[in-house]
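For reference, the chains in residue letters:
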Amino acid sequence: MPAPPTLKIIEIFPSIQGEGMRQGEPTVFVRLAGCDRRCSFCDTKYAWEGGREYAVDRILENVHRIRRRFPARWVCLTGGEPFMQDVRLLVRLLKRDHCRVQVETNGTRYYPTAADWITVSPKPKEYLVRPEFQRLAKEVKLVVTRELDLAVIRRIRAAFQSRIPVLLQPESNRRWSQKQALRLLKQASAANLDNIRFSVQLHKIIGLR
Ligand code: SF4
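Residues numbered from 1 in each chain as written. Predicted model: local features only at pLDDT ≥ 70, side-chain atom pairs only at ≥ 80, totals over all residues.

Visitor: Sorry, what's going on with the overall build of the protein here?
Guide: The helix and strand tally for the protein stands at 6 helices and 9 strands. The C-alpha radius of gyration of the protein comes to 17 Å, within 12% of the 17 Å expected for a compact globule of 209 residues. Referenced to the eigenvectors of the C-alpha coordinate spread, the extents of the protein come out at roughly 60 × 35 × 30 Å. For the protein, the proportion of its 209 residues judged to be buried stands at 37%. (Helix = DSSP H or I, 4+ residues; strand = E, 2+ residues; numbered from the N terminus. Rg over C-alpha atoms; globule rule 2.2 N^0.38 Å. Buried ≥ 20, exposed ≤ 12 C-beta atoms within 10 Å, placed from the backbone.)

Here's what the structure looks like:
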């Protein structure tokens, strides 16, 4: 009999979704291990490597145990970079159990999943995004680093349909980055770019993970 599939997991925990258009919704987070982008501003460097092997069944058990005391309907697969592992079975089984599933990705890897909500966050310097996400993403998140400029925002805006919001998210809510995000928002507005929004990490403001 084949061994049950496993995934490398850093942590599973309840919180509210602090980022993006789902901000404020109770969510169980499953943080997957592994990311090869090595962004200098990454706030989850502890997820770049390592993690513990969990059978998919055990991940489901953990999620359900959390949901018994914290009845979140949403489960967010984050990282790290979730698409570096095969999350298809996990997504399918979570949905079988009536969860709604979000996947947060940097957009450089792709395979089809049954996820309900895909958040794409392209990263510098190339800001590469697999073309499939142009159709599938529900939102695009750009961390406001010192490298982010109007030309990048313009290129990302053009790559996605205008109904998909492009969120300018200050780096770890830092003051300089908030100021830069506001400057970029003004420039984007003056350039008639649609649906560009300022976005903060709410969970950090209220002291949650
Ligand atoms: S892509 Fe995301 S998880 Fe990976 S290093 Fe960059 S910020 Fe961190």
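Text resumes after the structure shown.
Visitor: Would you take a moment to explain the sheet that holds strand S5 (residues 100–105) for this structure?
Guide: Pairing between the strands of a sheet comes from backbone hydrogen bonds, and it takes one of two forms, parallel or antiparallel. As summarised here, the arrangement of the 9 strands in space is S3-S1-S2-S4-S5-S6-S7-S8-S9, forming an open sheet in which the pairing is mixed. Each edge of the open sheet is held by one strand with a lone partner, namely strand S3 (52–55) and strand S9 (196–198). Ignoring strand direction, the axes of neighbouring strands in this sheet form an average angle of 30 degrees. By the bridge criterion, 2 bridges tie strand S6 (residues 117–120) to strand S7 (residues 139–144) in an arrangement that is parallel. Bridge assignment links valine 120 to a residue of S7, and that residue is valine 140. (Pairing = 2+ DSSP bridges. Axes fitted to C-alpha atoms, helices over the stretch in contact; angles between N-to-C directions.)

Visitor: I'm lost on the nonpolar core in this one. Help?
Guide: General note: in soluble globular proteins, nonpolar side chains tend to be found buried as a group. Residues Ile9, Val30, Ile59, Val75, Val101 and Leu142 are the most contacted members of the largest nonpolar core, which totals 45 residues. When neighbours within four sequence positions are excluded, valine 101 is seen to be in contact with Val75, Leu77, Val91, Leu94, Lys95, Ala115 and Asp116. (Core = buried A, V, L, I, M, F, W, Y, C linked by C-beta atoms within 7 Å. Contact = placed C-beta atoms within 7 Å.)

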